[in-house]
Amino acid sequence: MNAFLLHWTFAIPEIWVLSMACVVLLADLYLGERLRDVAPVLTVLTLLGAAVLTFFEIGQSGTAFAGQLLLDPFTNVAELFSYLAVLMVVLYSRRYLMDRGIYRGEIYVLLLFALLGVMVMVSGGSLLTIYLGLELLALSQYALVAFHRDSLSATEAGLKYFVLGALASGLLLYGMSLLYGLTGTLDVRHIAAALVNVNSSNLILVFALVFIVAGIAFKLGAAPFHMWLPDVYQGAPTLVTTFLASAPKIGAFALIVRLLIDGGYGMLESWQQIFIALTLVSLVVGNLIAIAQQNLKRMLAYSTVGHVGFLSLGIVAGTAAGFASAFFYTIVYVLMSLAGFGMILLLSRAGFEAERIDDFKGLAQRKPWYAFLMLIIMFSMAGVPPTVGFYAKLAVFQAVIAAGYVWLAVIGVLLAVIGAFYYLRVVKVMFFDAPDPDVDSENAPIVRDDLASATLSMNSLALLVLGIVPGPLMAFCFYAMQGVI
Amino acid sequence: MNAQLLSYSIWVPIVGGLLVLAVGDRRAQLARWLALLVSLLAFAVTIPLYTGFDTHTAAMQFSERVAWIPSLNIYYHLGVDGISLWFVLLTSFLTVLVVISSWRNVQTRVAQFMAAFLIMEGMMIGVFCALDAILFYVFWEAMLIPMFLIIGVWGGPRRVYATIKFFLYTFLGSVLMLVALLYLYFHSNNSFDLLVYQHTPLGMTAQILIFIAFFVAFAVKIPMWPVHTWLPDAHVEAPTAGSVVLAAIMLKMGAYGFLRLSLPIVPDASHKLAWLMILLSLIAIIYVALVAIVQEDMKKLVAYSSIAHMGFVTLGFFVFDSVAIEGSIIQMLSHGFISAAMFLCIGVLYDRMHTRNIRAYGGVANVMPIFAALMMLFAMGNVGLPGTSGFVGEFMVVLGAYQVNPWFSILAATGLITGASYTLWLFKRAIFGGIVHPEVAALKDLDLREMLVLGTLAAFTLLLGVWPAPFLDIVHSSVQHLVAQVAVSKIPA
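What you are looking at is a predicted structure, and each value in this text was computed from that prediction instead of being measured.

Explain empty space enclosed by the protein to me, please; I cannot follow it from the model alone.
A water-sized probe, rolled over the atoms, reveals where empty space remains. Taken as a whole and judged by the stated rule, the model has 12 cavities of 30 Å³ or more. Looking at the largest cavity, its volume works out to about 110 Å³. Along its surface, the largest cavity is lined by 14 residues, and Leu137(A), Gln141(A), Tyr161(A), Lys219(A) and Pro248(A) are the ones closest to its centre. Residues of the lining of the largest cavity, tallied by class, amount to 10 nonpolar, two polar and two charged. Of the pockets and cavities examined, the second largest cavity occupies roughly 100 Å³. Together, Ser101(B), Asn105(B), Thr240(B), Leu344(B), Gly347(B), Val348(B), Asp351(B), Arg449(B), Glu450(B), Val453(B) and Leu454(B) line the second largest cavity. Going through the elements one at a time, helix H15 (322-353) and helix H21 (448-466) of chain B are the ones with two or more residues in the lining of the second largest cavity.

If you want it as structure tokens, here you go:
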């Protein structure tokens, strides 16, 4: 067989998702309004199918298409978690979209294309494939954010995201082109080999790294490149926000893995310095500004910036254990924000988004079960045991102390305490405040939505269960990062 | 059975608490009975720990060790020695009393209330049993969540302020301990075992930094002056049962932390900074006791008195004398009974009058003779009268401290006098005298349930005061071992 096509099977999950995205698009077009449910059902089947296909690939590793595509444990694990994230978004979606009159097939097609983008980023072996995946993801995201055309804030958020996103892609691309000019190759592994002979104070290399790190920081949402995040998170339909905070973060983490670790591990000391600065700024900005927020979506957006700061601690450590702990943090973050935004989705109804913190007033009396779930989510985000959020923080602190940065860990824990305050405020509002007198089941009903409610319950309880037995998930993440260094 | 005894002690109340939660608030009576059953069962499970305890060894007993998070080398490692055993028993015993005492006065969200206490019981026992640093930290932190809710949901008018202050104070204290524990991990061949930490050689600078990190965590929890300000707020706003658990058990955790972590892991820093610890303890004993005298709110008064009593405990630790340390442990136990009883007594009054202001009372003894007699006993215990448990601990601490430096004893002994003044003055104003307020005249004496709870505590206060030998026997070997351990320098040659 042609050497180029050797190992083409590595691309089967991507091929499957791409074909199914087209099938969903066509099926929805022909079936029309009355059989709209077919689109989400097909999407769920696509995800399950992809999971099975990826599952069969576990254990294999290598490259395909002349190094364009990489397969290693990280690819498999990251893809599996991306499916899970999109699956939850789909399960949350139906009633929310219906209430807003945007229950259309395209949204599922866009989700699948975005997922495909993440998959390509995760398995990309050359700068070109990685960039291709990134743009596929980004374009789908722009469209998703602006999907609710009648909503002024959503359109505004879409435009903002597009302009700033394009700028970030430009930065990243510029960095990539400098790297290409320096090493003469697009393949990340060849780049790593070529960089051995380059002096680390080489000006072009420094420029390339700065641009690449800036691009990654933007996609990840690390301060000071976080400006788009609160506006987009707040403006986008909550369902889209839920998605933005999930699979794309795995994709952004893949950028770090592929570009900085696979490609630039030799230059660790150069980009480590930049990451220390990013970490510090993110921790401070995210946690301090979140305190001032009245809007829960915006608060969670700033808390995202804070979480990115924590997970970057693992990157700063620069060791295999550090990267593994950062990956673990990413996965945990995805699970937590799926649950957090899922809760907002669930409490929203036609014409009303439960996005102000005050909307949660007295939830413990109105709906004790939801309040209990939100309690778990908030304590998990704050990093209080016995929730999984604690182990995520524990792992990154452990890694960063092992690397000798005790002072960074001390700053990290202090900001974790500050962060605890605004999560506690949500708990306080739910449990200690009475519901507003004009809010009752008559004029502000909590709409029954069994599917989303069951999903949310599983999602939130997982945070608690994983907090009691975090071993397997952590081992899985450590396994994923085995092949990387 | 014996092998998993500690696991049962931890998980029976937690699982039982979840069951109570599942019963739901609508079936309040069922929730109460189930909670009582669970707490009795949980207490029964801990009794074999006492009967099967070997007093001749300082080694950990009833140990369990299972890999928990292999990627990070964390073990589910439990064990008790003479230092921790009494606190496990105290916790399970007091939870039974707490459930009984809240039978009537908690009427809203009963199942959640009972469940929070049971779950918290399991976590507190977990703290006293954990021998893995991360397991210890997990229980240490997790316990904040139920307490946060207990104060915030069932507390008084300023409950939100008090509970957030409580949470953030304690959280801030403990995160630095986490950093210290992680630091130790890398200096003890990648182990989180607290027993391994005890043999890890450490330089002086590292020891001092670790000591400070531990100190912040434990001093907040005890609480020591000047980080005690959360305690009066939390106590005043907490429901009676919350105050009982807070004073009787949670405060002991900070002190236990000093014994289990600070002293054996960083002995040289402990010696070097002992002057500071003694100074802070003496300030707590003298200054905080003076603050207690002027309080108008009975709960606040007892809260400040708790801080002063805990001052004796920390004083006893840092003179590094086995008599003093044993005295401290007895003092912790005794304070567990007496402070619980004092808060329950105030709760009894509050249930009837709905005020804790001393001025609103006066002459209670005329209408509630049984109550007055019992409270008298606890007040005497709080003062440290011979024959009550309060005397044994404080006497041993003062005695031990005298051998090291007579001035410590003299200053500490003045604390006994101030202690007598605020307690007796409170008693005189609230209980004795003529009836001034008509509401007081209408008070009813204790019912059977209240008598049962206070009577049990009275029995233990007297037992520990008259015949402390069985309590000391358990503690002795472990304290000897600890004192020997602290005497050896860990600075690498």
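Having put the structure on the table, let's press on.
I'm lost on the side chain of Arg36(A) in this one. Help?
Residues and elements named next belong to chain A. Tracing the backbone shows Arg-36 in the loop between helix H1 (12-31) and helix H2 (38-57). One polar contact links Arg-36 to Asp-28, side chain to side chain, over a distance of 3.3 Å. Leave out the neighbours within four places in its chain, and Arg-36 touches Asp-28, Tyr-103, Arg-104 and Gly-105.

Would you mind showing me how to read the layout of surface pockets here?
Roughly 1300 Å³ of volume is contained in the largest pocket. Taken together, 44 residues form the lining of the largest pocket, with Phe372(A), Leu375(A), Leu18(B), Leu21(B) and Ile119(B) sitting closest to its centre. At the level of elements, helix H15 (363-366), helix H16 (368-382) and helix H19 (450-468) of chain A together with helix H1 (5-23), helix H4 (110-129), helix H5 (133-142) and helix H6 (144-154) of chain B are the ones that each hand at least two residues to the lining of the largest pocket. Here the residues of the lining of the largest pocket sort into 34 nonpolar, five polar and five charged. Around the second largest pocket sit 23 residues that line it, and Asn105(B), Trp154(B), Pro239(B), Thr240(B) and Tyr350(B) are the ones nearest its centre. Top element by residues in the lining of the second largest pocket is H15(B). It accounts for five residues. Residues that form the lining of the second largest pocket fall into these classes: nine nonpolar, 10 polar and four charged.

Explain a nonpolar patch on the surface here, please?
A cluster of nonpolar side chains, Val465(A), Ile468(A), Val469(A), Trp11(B), Val15(B) and Leu19(B), forms an exposed patch at the surface whose accessible area comes to about 510 Å². Where the nonpolar patch is concerned, the elements lending two or more residues are H19 of chain A together with H1 of chain B. The element best represented in the nonpolar patch is H1(B), accounting for three residues.

Before we go on, may I ask you to explain the UniProt feature "domain: NADH:quinone oxidoreductase/Mrp antiporter transmembrane" (unreviewed entry) in chain B in this structure?
Following the UniProt record, the feature "domain: NADH:quinone oxidoreductase/Mrp antiporter transmembrane" (unreviewed entry) maps to residues 130-414 of chain B here. Annotated as residues 130-414 of chain B, this span is 80% helix and 0% strand, and its ends, taken at the C-alpha atoms, are 37 Å apart.

Thresholds applied
Every chain is numbered independently, its residues counted from 1 as its sequence is written. Here the convention is simple: chains get letters from A, ligands get numbers from 1, in the order in which they are written. Residue-level local features of this predicted model are given only where pLDDT is at least 70; pairs of side-chain atoms are given and counted only at 80 or more, and the full residue set underlies all totals for whole chains, interfaces and linings. Hydrogens and waters are ignored; side-chain quantities use all the structure's heavy atoms. Cavities and pockets were defined on a 1 Å grid built from protein atoms only: a cavity is a group of points that admits a 1.4 Å probe but offers it no way out, a pocket is an open group of points flanked by protein on both sides within 12 Å along at least five of seven lines, and a lining residue is one with an atom within 4 Å of any such point. Grid points are joined across faces, edges and corners, and a volume is the space filled by probe spheres set on the points. Three classes are used, and their members are as follows: Ala, Val, Leu, Ile, Met, Phe, Trp, Tyr, Cys and Pro are nonpolar, Asp, Glu, Lys and Arg are charged, and the others, Gly among them, are polar. Only DSSP runs of H or I with at least four residues qualify as helices, and only runs of E with at least two residues qualify as strands; both kinds are numbered from the N terminus onward. Here a polar contact is recorded for every N or O atom pair within 3.5 Å, except that within protein the pair must consist of a potential hydrogen donor and a potential acceptor, and residues adjacent in sequence are included only if both atoms are side-chain atoms. Any two residues whose heavy atoms approach within 4.5 Å are treated as being in contact. Note that patches include only residues with greater than 30% relative accessible area and no salt bridge, and the join distances are 9 Å for like charges and 5 Å for nonpolar side chains (Val, Leu, Ile, Met, Phe, Trp, Tyr). In short, Shrake-Rupley with a 1.4 Å probe defines the accessible areas, and a residue's cover is counted only from the protein chains shown. Basic side-chain nitrogens of Lys or Arg form a salt bridge, by our definition, when they fall within 4 Å of a carboxyl oxygen of Asp or Glu. UniProt positions are given in the numbering used here, feature names are shortened, and annotations may be inferred rather than shown by experiment.

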